[in-house]
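Next come the chains, spelled out residue by residue.
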Amino acid sequence: MTWTFTADVEEYAATAEAWLLRDPVRNTVPLTVMRGLRGGQFAEDPLMGWFEEDGSVMGAVSHTPPYPLVLGDLPHAALPSLATGLIELDRSLPGVSGPLAAAEAFAAAWWRPERGRRAERLYRLGALAPSAAPGKARTAAAADIAEAARWFGDFQAEAHVDRTADPTPVVSARINRDELVWWEDGGLAVSIAGVTAPIAGMSRIGPVYTPPEFRRRGYGTAVTHVASRKAMDEGAAEVLLFTDLGNPTSNSIYQSLGYRPVDDYATIHFG
């Protein structure tokens, strides 16, 4: 059982990509991170790793500061040695994110205590149900970068995720890939949703954010519906999203659109 680490995304992809693609649904986040790294995002001290047993890759992870360590759907027996390897590299981690049991197993092996967590659920779209709200959708353009980055920052602050991360580079890259959709009512932006371009037939919705003053009018449902339809029109066979289990409203909304649970995940923050 061995872990190998690298800062070279192509070296990582050459070894670990095939393993990640075996289950693009449960590996949706590490696949998306890998595409971002290939596109020049997350350039500040990235680290990727893969786990091999008997010559076969059995797991993969990635860390792109200031975000948490991202775990693929890997064997729990490999997590103590992962923690040991990262400690030996003197790697500083703000947290870990991944399937619930895997995230908890890594956190138990890490040297810093848990100081909080975000409980999440991964959903997969079945049949997309109709949605109606006043207004219409518009794909975000380059002129929207500053405004969209402000909205992403508001989402991060409210959701208590990645609050130290500047969203501008991510927003800029996603707008360049036509991955952000506004919902506008009366010419005013009232909600936003991201949708990843398909990877191995998989797209993921998120974030979805509606400012407090525009909530309870159906805008978040409408923009999620449009983003989901966009993913399907662009060739996604699997459309996914994560929800915060502490927000029953969003969970209800997504289920009303046809999303069904796949598995529970967690982001665990370290003290």
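Check the entry above for the structure.
**Q** How do you make sense of the packing of helix H1 (residues 9-21) against helix H2 (residues 28-38) when you look at a structure like this?
**A** When two helices pack together, their arrangement is given by the angle between the helix axes and by the axis-to-axis distance. Remark: H1 packs on H2, axes separated minimally by 11 Å, with the N-to-C direction vectors making an angle of 155°. Here H1 lies roughly antiparallel to H2, going by the angle between them. At the point where H1 passes H2, the crossing takes the left-handed sense. Mapping the contact onto sequence places Val 9, Glu 10, Tyr 12, Ala 13, Glu 17, Leu 20 and Leu 21 in H1 and Pro 30, Leu 31, Met 34, Leu 37 and Arg 38 in H2. Of the residues assigned to the contact of H1 with H2, the class counts are 9 nonpolar, no polar and 3 charged.

**Q** Before we go on, may I ask you to explain helix H3 (residues 79-88) in this structure?
**A** In an α-helix there are 3.6 residues to a turn, and that puts residues three or four apart on one side. Looking only at H3, the buried set comprises Leu 79, Leu 82, Ala 83, Gly 85 and Leu 86. Projected down its long axis, H3 shows its buried positions confined to an angular sector of 165°, all on one face. Phi for Asp 90, located one or two positions after H3, is positive at around 55°.

**Q** Can you help me understand the environment of Ala 231 in this one?
**A** Summarising the element assignment, Ala 231 is placed in helix H7 (residues 219-233). Among all residues touching Ala 231, those that are not within four sequence positions of it are Val 195, Pro 198, Ser 203, Ala 236 and Val 239.

**Q** What is the right way to read the pattern of salt bridges from this model?
**A** Where charged atoms from two side chains of opposite charge come close, those side chains can pair. All chains considered together, the criterion is met by 21 salt bridges. One salt bridge connects Arg 38 with Glu 10, and the closest N-O pair in it is separated by 3.2 Å. With Arg 38 in helix H2 and Glu 10 in helix H1, the pair connects residues that are 28 residues apart, well separated along the chain. Assessed through its relative accessible area of 38%, Arg 38 is described here as partly exposed. Judged by relative accessible area, Glu 10 falls into the partly exposed class, the value being 44%. A salt bridge links Arg 38 to Glu 17, with the nearest nitrogen and oxygen atoms 3.2 Å apart. Remark: Glu 17 occurs in helix H1 and Arg 38 occurs in helix H2; sequence separation between them is 21 residues. On the basis of relative accessible area, Glu 17 is assigned to the partly exposed category, the value being 22%. Linked through salt bridges whose partners overlap, the residues forming this network are Arg 35, Arg 174, Arg 177 and Glu 179.

**Q** Mind showing me how you'd approach the packing of aromatic side chains here?
**A** Aromatic ring pairs are reported here in terms of the distance separating the ring centres and the angle at which the planes meet. Counted according to the given criterion, the structure contains 11 aromatic pairs. Considering the side-chain rings of Phe 106 and Phe 270, the 6.4 Å spacing of their centres and the 40° angle between planes classify their relative orientation as tilted. Of this pair, Phe 106 sits in helix H4 (residues 100-109) while Phe 270 sits in strand S12 (residues 259-270), placing them 164 residues apart in sequence. Taken as a pair, Phe 106 and Phe 270 share a single burial class, namely buried. Among the aromatic residues, those joined into a cluster by ring pairs are Trp 151, Phe 155, Trp 182 and Tyr 209. Positioned over the ring face of Trp 111 is Arg 112, at 6.0 Å from the centre of the ring.

**Q** Would you take a moment to explain the pairing of strand S8 (residues 180-185) for this structure?
**A** Consecutive residues of a regular strand have side chains that alternate between opposite faces of the sheet. Counting buried positions along S8 yields 5 of 6 residues, so the element is predominantly enclosed. The sheet contact formed by S8 and strand S9 (residues 188-195) spans 6 bridges and is antiparallel. The partner of Val 181 across the bridge, within S9, is Ala 193. Here S8 hands over to S9 after 2 residues, with Gly 186 in that stretch at a positive phi of 65°.

Basis of the calculations
Residues numbered from 1 in each chain as written. Predicted model: local features only at pLDDT ≥ 70, side-chain atom pairs only at ≥ 80, totals over all residues. Heavy atoms only, no water. Axes fitted to C-alpha atoms, helices over the stretch in contact; angles between N-to-C directions. Helix = DSSP H or I, 4+ residues; strand = E, 2+ residues; numbered from the N terminus. Parallel < 35°, antiparallel > 145°, perpendicular 65-115°, else oblique. Left-handed = near helix turned anticlockwise from the far one by under 90°. Contact = heavy atoms within 4.5 Å. Nonpolar A, V, L, I, M, F, W, Y, C, P; charged D, E, K, R; others polar. Buried < 20%, exposed > 50% of the residue type's maximum accessible area, 1.4 Å probe, protein only. Arc of directions from axis to C-beta. Salt bridge = Lys/Arg side-chain N within 4 Å of Asp/Glu carboxyl O. Phe/Tyr/Trp six-rings, centres within 6.5 Å; stacked < 30°, edge-to-face > 60°. Lys NZ or Arg CZ within 6 Å of the ring centre and 35° of its normal. Pairing = 2+ DSSP bridges.

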